[in-house]
Amino acid sequence: MATLLRSALRPLRALGGRRGPAADVWLRGARHGAGLLYPGHLPTSPLQKALLAAGSAGMALYNPYRHDMVAVLGETTGYYALKFLRDQMRKDPEGAEILQKRPRISLSTLDLDKLRSLPEGSLGQEYLRFLDVNRVSPDTRAPTRFVDDEELAYVIQRYREVHDILHTLLGMPTNLLGEITVKWFEAVQTHLPMCILGALFGPIRLSAQSLQVLISELIPWAVQNGHRAPCVLNLYYERRWEQPLRALREELGITDAPVHVRGLA
C-alpha cells in the first residue's frame, strides 16, 4: 500500500520544482514529449487524480491561502465543469476568439504604464489599484499541470488569471470574507467543485460577525449576480481596460455589494 501511495502521489512532488512565473507556460496545441499535451503537463491516472484531489482538498481546507493546493484540487476534480465552461466559450463570439488566440494575463503581457495612464474609474485603472492595494500579482497563479486535455488546460488557466479581475468587478478585497464571497459567485458561474467546496467550507474560519454578514447579505448577493451575469470567461478583458468599470458592471448585471467587507475578516 505504501508503494502504491508513493507512486500515485509522485506527480505532486514536481510542484516543488516549479520554475518561473505562470506566464512562462504557454498552452498550445503541439505535443511536448511522449504523452505530454502542453509544457508542464503531468499525466496522471484516475487513481492518482483521486489521491491528489483528496490530499489537496485537505490542505486547502486547512489553509485556504495554499494556492498551490487549491490549484491541484481544481485540476483534478474539474473535468466536467471545465467542459461546460469550454462549451460556453465556444458558443460565444468573444469567448471563441479567446479560445483561439489564447491571451494570457501576467506581468509580462500587461502594460502597467498604460494601465496607470487610463482614466479614473476604468477597468484597467481599477484592476491595477486592486493589485497594488492587496499586494497581489497575476504571476502568482500556478501553471496548469494535471488537466489531461490541452484546451481544457487553457480554460482553467484563464479562469485563474481573471480571478483578480472578478474581485475588481465585485468590489471584493482579498481577506477571507472577500475570497469566500467571490467563491460563491464563481461556484454559480463555473460549477467547479473547487469553488463549491471553498464556498461551503471556507466560512468555518470566519468570526461570528463575519459569518452573519456572509449568510444574510453576501451569499444572496453573490448567487444572484452569478446567475444574472453571462459567463465571465467570455470577456476579452485585455480589450476592455479602457471601459468604465461601472459600465462593465451594468453590462454584466453586477450590482454593488450590500456591505463594505474590507474591515471584516
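Owing to the predicted nature of the structure, the values given are computational and were not obtained by experimental measurement.

Rules and cut-offs
Residues numbered from 1 in each chain as written. Predicted model: local features only at pLDDT ≥ 70, side-chain atom pairs only at ≥ 80, totals over all residues. Heavy atoms only, no water. Helix = DSSP H or I, 4+ residues; strand = E, 2+ residues; numbered from the N terminus. Buried < 20%, exposed > 50% of the residue type's maximum accessible area, 1.4 Å probe, protein only. Contact = heavy atoms within 4.5 Å. Areas by Shrake-Rupley, 256 points an atom, 1.4 Å probe, with all protein chains shown as cover. Axes fitted to C-alpha atoms, helices over the stretch in contact; angles between N-to-C directions. Left-handed = near helix turned anticlockwise from the far one by under 90°. Nonpolar A, V, L, I, M, F, W, Y, C, P; charged D, E, K, R; others polar. Expected span 1.5 Å × (residues − 1). Salt bridge = Lys/Arg side-chain N within 4 Å of Asp/Glu carboxyl O. Patch = residues over 30% accessible without salt bridge, like charges linked within 9 Å, V, L, I, M, F, W, Y side chains within 5 Å.

## Regarding the overall build of the protein
Moving on, step 1. What the protein contains, in helices and strands, is twelve helices and zero strands.
Moving on, step 2. Burial analysis of the protein (265 residues in total) assigns 51% to the buried set.
Moving on, step 3. The long-range fraction of contacts in the protein, counting pairs at least 24 apart against all pairs at least 6 apart in sequence, stands at 75%.
Moving on, step 4. A total of about 12,400 Å² of accessible surface is found on the protein, and carbon and sulfur atoms cover 57% of it.

## Remarks on the packing of helix α9 (residues 176–190) against helix α11 (residues 208–228)
Moving on, step 1. Relative to each other, α9 and α11 sit at 30 degrees, their axes nearing to 8 Å. Relative to α11, the crossing made by α9 is right-handed. Of the residues in α11, those in contact with L177, I180, T181, W184, F185, V188 and Q189 of α9 are S210, L214, L218, I219, W221, A222, V223, N225, G226 and H227.
Moving on, step 2. In terms of residue class, the contact of α9 with α11 is built from eleven nonpolar, six polar and no charged.

## Overview of α9
Moving on, step 1. Helix length check: α9 (15 residues) gives 20 Å between terminal C-alpha atoms against 21 Å at 1.5 Å per residue, within 8%.
Moving on, step 2. Counting buried positions over the 15 residues of α9 gives 15, a clear majority of the element.
Moving on, step 3. Once α9 finishes, H191 follows within two positions and takes phi at roughly 65 degrees, a positive value.

## Topic: helix α7 (residues 123–134)
Since one α-helical turn is 3.6 residues long, residues separated by three or four positions face the same way.
Moving on, step 1. With twelve residues, α7 extends 16 Å between its outermost C-alpha atoms, agreeing within 8% with the 16 Å of an ideal straight helix rising 1.5 Å per residue.
Moving on, step 2. Burial of α7 is extensive: nine of the twelve residues sit out of reach of the surface.
Moving on, step 3. If you check which residues of α7 are buried, you get L123, G124, Q125, E126, Y127, L128, F130, L131 and N134.
Moving on, step 4. If you follow the buried residues of α7, they end up packed against α6 (112–117), α8 (150–170) and α12 (245–252).
Moving on, step 5. Looking one or two residues beyond α7, the residue adopting positive phi is R135, at roughly 55 degrees.

## Some details on the pattern of salt bridges
Pairing between side chains becomes possible if they bear opposite charge and their charged atoms approach one another.
Moving on, step 1. Taken as a whole, this structure holds 19 salt bridges when the rule is applied.
Moving on, step 2. Two residues, E150 and R102, come together in a salt bridge whose shortest N-O distance is 2.5 Å. With E150 in helix α8 and R102 in the loop between α5 (93–101) and α6, this residue pair connects regions lying 48 residues apart in the sequence. The same class applies to E150 as to R102, namely buried.
Moving on, step 3. D164 is the partner of R141 in a salt bridge, and the nearest nitrogen-oxygen pair spans 2.9 Å. Placement of R141 in the loop between α7 and α8 and of D164 in helix α8 is noted, with a sequence separation of 23 residues between them.

## Comments concerning a nonpolar patch on the surface
Moving on, step 1. On the surface, L61, I196, L197, L200, F201 and I204 cluster together into a nonpolar patch covering about 540 Å² of accessible area.
Moving on, step 2. Among the elements that take part in the nonpolar patch, helix α10 (residues 193–201) stands out by supplying four residues, more than any other.
Moving on, step 3. As for its position among the elements, L197 is in helix α10.
Moving on, step 4. Its relative accessible area of 30% is what places L197 among the partly exposed residues.

## Description of the environment of Q88
Moving on, step 1. Residue placement: Q88 occurs in helix α4 (residues 79–91).
Moving on, step 2. With 146 residues separating them in the primary sequence, Q88 and N234 have C-alpha atoms 7.9 Å apart.
Moving on, step 3. With sequence-adjacent residues up to four places away left out, Q88 is seen in contact with C231 and N234.

## Points about the environment of R90
Moving on, step 1. Mapped onto the elements of the fold, R90 is located in helix α4.
Moving on, step 2. Taking the C-alpha atoms as reference points, R90 and N234, separated by 144 residues in sequence, lie 9.0 Å from one another.

## Notes on unusual backbone geometry
Trans peptide bonds make up most of the peptide bonds, and negative phi angles are found at most residues other than glycine.
Moving on, step 1. Here the phi dihedral of R135 falls at roughly 55 degrees; this positive angle occurs in a residue that is not glycine.
Moving on, step 2. Structurally, R135 can be placed in the loop between α7 and α8.
Moving on, step 3. Relative accessible area serves as the criterion here: at 80%, R135 is assigned to the exposed category.
Moving on, step 4. Positive phi, close to 65 degrees, is recorded for H191, a residue that is not glycine.
Moving on, step 5. Mapped onto the elements of the fold, H191 is located in the loop between α9 and α10.
Moving on, step 6. Judged by its relative accessible area of 40%, H191 falls in the partly exposed class.

Function cannot be inferred from these measures alone, as they are strictly geometric.
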